[in-house]
Amino acid sequence: MKKRLLAALMAGAMALSMTACGSSGSDSAQSGSEDGSATAGNYEVGIIQLMQHEALDAATQGFQDKLTELVEAAGGTVEFDYQNASGDSANCAPIVSGFVSSNVDLIMANATAALQAAQAATADIPILGTSISDYGTALGVDNWTGTTGTNISGTTDLAPLDGQAQMLQELFPDAKNVGLLFCSAEPNSRYQIDTITPYLEEMGYTCTEYAFTDSNDVASVAQSAASGSDVIYIPTDNTAASCTEAIANVVVPAGVPVIAGEQGICSGCGVATLSIDYYELGELTGEMAYEILVNGANPGEMEVQPAPNFTKMYNTANAETLGVTIPDDYEAIAE
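None of the values given here were measured: they were computed from a predicted structure. (Residues numbered from 1 in each chain as written. Predicted model: local features only at pLDDT ≥ 70, side-chain atom pairs only at ≥ 80, totals over all residues. Heavy atoms only, no water.)

Some points on the packing of helix H6 (residues 161-171) against helix H7 (residues 187-202)
So, point 1. Following both chains from N to C, one finds H6 and H7 inclined at 50 degrees, their axes separated by 9 Å at the closest point. What the angle tells us is that H6 and H7 run oblique. Relative to H7, H6 is oriented so that their crossing is right-handed. On the side of H6, the interface is formed by Leu-161, Asp-162, Gln-164, Ala-165 and Leu-168, while H7 contributes Gln-192, Thr-195, Ile-196, Tyr-199 and Leu-200. (Axes fitted to C-alpha atoms, helices over the stretch in contact; angles between N-to-C directions. Helix = DSSP H or I, 4+ residues; strand = E, 2+ residues; numbered from the N terminus. Parallel < 35°, antiparallel > 145°, perpendicular 65-115°, else oblique. Left-handed = near helix turned anticlockwise from the far one by under 90°. Contact = heavy atoms within 4.5 Å.)

If you want it as structure tokens, here you go:
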């Protein structure tokens, strides 16, 4: 009888111990509220951004604002460890390693090199990318279907490339030669160039690639492009985005207009773009982070999400300087 009583007491003690362990885990553990919705915990999120640039900055800000709003509304808190790689891909690996060592709850990787570093660093911590043109190319996934099946998902900033080609044709129907200016070190830029070229060639344009390797040869390659092109196309390219002044100093005096893949490049050296709102893209990424952190969503099963809206935009100063007539359905980029 005493043995049975002792066994019962030990079993009860073990059950209480297990219950205590389950309720005293990490601060990021979630629980259910009385209405059945999840209650947020306390989270630490590592943010790695490749470089400081208007578009990337907006995406990061939108992400932080939206995730903070959602987590606090659910009764939790979120802290961000923001790190900038200063435009050097080599800086991404140690930054992400620091996040892994700190065991952050989620990593947000802003731009392709940042996402690739995060992918290499951890297969366990959830990762969300943003400002990524093509995830299949960035992650080395063949036969891309929209989900990774791993710890990674995110949002894409790629505007429809056929729509960008149609914009170029709409504005410059009499042009013959299109120069494709991009950084050869950025795989997403290569993807965009390979995708848009057939569209342009079907429209009757002769396309020539002008690839620079880094910021040091942007001006010289831009000069070659301006000399051999009636109009230039620049994709969403991080190196080009950081060198728009150098490009503008070449193409504008040469009288060669630029169609850009995104608003930031267009505002610096372009005439028009079919672009997205990067702040909105960041907000969408923040919503995905909330689903992962608070509701337990599996990033590998979450489809990569496109930007919610695309807008025809133009650079008023460059359009006037180059004498380009802009249709009424284009929106002026705020100066």
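Comments concerning the sheet that holds strand E5 (residues 106-110)
So, point 1. One open sheet accounts for six strands, arranged E4-E3-E5-E6-E7-E13; its pairing is parallel. Here the strands that pair on one side only, and so sit at the sheet edges, are strand E4 (77-84) and strand E13 (305-306).
So, point 2. Two elements, E5 and strand E6 (residues 127-132), share four bridges in a ladder whose sense is parallel. Each bridged residue has a counterpart across the sheet, and for Ala-109 the counterpart in E6 is Gly-129.
So, point 3. Relative to E6, helix H4 (residues 112-121) is tilted by about 160 degrees, and along the sheet it contacts strand E3 (42-49), E5, E6 and strand E7 (152-156).
So, point 4. Contacts from helix H12 (residues 278-293) reach E3, E5, E6, E7 and E13, with the element oriented near 170 degrees to E6. (Pairing = 2+ DSSP bridges.)

Focus: the environment of Val-324
So, point 1. Position of Val-324 among the secondary structure elements: in the loop between helix H13 (316-322) and strand E15 (331-332).
So, point 2. Val-324 gets classed as buried once you look at its relative accessible area, which sits at 13%.
So, point 3. Separated by 153 residues in sequence, Val-324 and Leu-171 place their C-alpha atoms 7.7 Å apart.
So, point 4. Sequence-distant contacts of Val-324, defined by excluding residues within four places in its chain, comprise Phe-172, Val-271 and Ala-319. (Buried < 20%, exposed > 50% of the residue type's maximum accessible area, 1.4 Å probe, protein only.)

Some details on the packing of aromatic side chains
So, point 1. For the structure on display, the rule yields two aromatic pairs.
So, point 2. Aromatic side chains Phe-63 and Phe-80 sit 6.1 Å apart centroid to centroid with 65 degrees between the ring planes, which places their arrangement in the edge-to-face category. Of this pair, Phe-63 sits in helix H2 (residues 54-73) while Phe-80 sits in strand E4, and the two are 17 residues apart along the sequence.
So, point 3. Of the residues examined, Phe-80 reaches a relative accessible area of 25% and is grouped as partly exposed. (Phe/Tyr/Trp six-rings, centres within 6.5 Å; stacked < 30°, edge-to-face > 60°.)

Let's talk about the nonpolar core
So, point 1. By size, the foremost hydrophobic cluster in this structure holds 28 residues, and its most contacted members are Val-178, Leu-200, Tyr-233 and Ile-259.
So, point 2. No other element matches H6, which puts five residues into this core. (Core = buried A, V, L, I, M, F, W, Y, C linked by side-chain atoms within 4.5 Å.)

A closer look at empty space enclosed by the protein
So, point 1. The tally for this structure, following the rule as stated, stands at one cavity of 30 Å³ or more.
So, point 2. There is about 130 Å³ of room inside the largest cavity.
So, point 3. In this structure, the largest cavity is lined by 15 residues; those nearest its centre are Ser-131, Asp-157, Thr-236, Asp-237 and Asn-238.
So, point 4. For the lining of the largest cavity, the elements supplying multiple residues, two or more each, are H2 and helix H9 (238-241). (1 Å grid on protein atoms, 1.4 Å probe; cavity = no way out; pocket = protein on both sides within 12 Å on 5 of 7 lines; lining within 4 Å. Points joined across faces, edges and corners; volume = space filled by probe spheres on them.)

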